[in-house]
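Spelled out from the first residue to the last, the chains are:
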Amino acid sequence: MFGRAAQQQKQIETLQAHVRRLEGLVDVLAARGDVGEEELRDLRGRAGAQIPERCRALADEGRHIEAIKAYRELTGAGLVDAKNAVDQYRAHGI
């Protein structure tokens, strides 16, 4: 990658690292506040769902490929972005 694309990729990687650090901090704070995994997932969902309800329902049923397909159809996202969104939801409930 050259020029602008390389700069944008670096910014994306920086933001992703920042999000991972924040997710870790949320997990630590939840543990200290005795917030259970189910409650934490619910709180994250209410804080602003990152994926549409239909995709969340499919992912919760273990229908991950269908969730990715639905995400693409509903949002117009590409395959990689859709997979990342569904994977993030599965991992963190957001």
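Owing to the predicted nature of the structure, the values given are computational and were not obtained by experimental measurement.

A. Representation of the nonpolar core within the structure. Within the largest apolar cluster, 13 residues are counted, with the highest numbers of intra-cluster contacts made by Ile 51, Cys 55, Ala 59, Ala 67, Tyr 71 and Val 86. For this core, the secondary structure elements donating two or more residues are α3 (53-60), α4 (64-75) and α5 (79-92). Apart from the residues lying within four places of it in its own chain, the contact partners of Ala 67 are Cys 55, Leu 58, Ala 59 and Val 86.

B. Region of interest: unusual backbone geometry. Phi is positive for Asp 34, close to 55°, though the residue is something other than glycine. Mapping Asp 34 onto the fold places it in the loop between α1 (3-32) and α2 (37-46).

C. Main features of the pattern of salt bridges. Within the structure shown, the criterion is met by 5 salt bridges. Of the charged contacts in the structure, one is a salt bridge between Asp 87 and Lys 83, with a shortest N-O distance of 2.5 Å. Of this pair, Asp 87 and Lys 83 both sit in helix α5, 4 residues apart, which is roughly one turn of that helix. Accessibility expressed as a relative area gives 24% for Asp 87, which makes it partly exposed.

D. Seen up close, α3. Within the span of α3, buried status applies to Cys 55, Arg 56, Leu 58 and Ala 59. Looking straight down α3, one finds that the buried residues subtend no more than 165° of arc, so they occupy a single side. For α3, the secondary structure elements touched by its buried residues are α4 and α5. Where α3 ends, the next residue or the one after it, Gly 62, has phi of about 85°, a positive value.

E. Region of interest: the packing of α3 against α4. Closest axis-to-axis distance for the α3/α4 pair is 7 Å, and the angle between their directions is 170°. The angle between the axes of α3 and α4 places the two elements in the roughly antiparallel class. Contact with α3, carried on its side by Arg 54, Cys 55, Leu 58 and Ala 59, involves His 64, Glu 66, Ala 67, Ala 70, Tyr 71 and Leu 74 of α4 and no other residues of that element. Of the residues that constitute the contact of α3 with α4, the class distribution is 7 nonpolar, 1 polar and 2 charged.

Calculation rules
- Residues numbered from 1 in each chain as written.
- Predicted model: local features only at pLDDT ≥ 70, side-chain atom pairs only at ≥ 80, totals over all residues.
- Heavy atoms only, no water.
- Core = buried A, V, L, I, M, F, W, Y, C linked by side-chain atoms within 4.5 Å.
- Buried < 20%, exposed > 50% of the residue type's maximum accessible area, 1.4 Å probe, protein only.
- Helix = DSSP H or I, 4+ residues; strand = E, 2+ residues; numbered from the N terminus.
- Contact = heavy atoms within 4.5 Å.
- Salt bridge = Lys/Arg side-chain N within 4 Å of Asp/Glu carboxyl O.
- Arc of directions from axis to C-beta.
- Axes fitted to C-alpha atoms, helices over the stretch in contact; angles between N-to-C directions.
- Parallel < 35°, antiparallel > 145°, perpendicular 65-115°, else oblique.
- Nonpolar A, V, L, I, M, F, W, Y, C, P; charged D, E, K, R; others polar.

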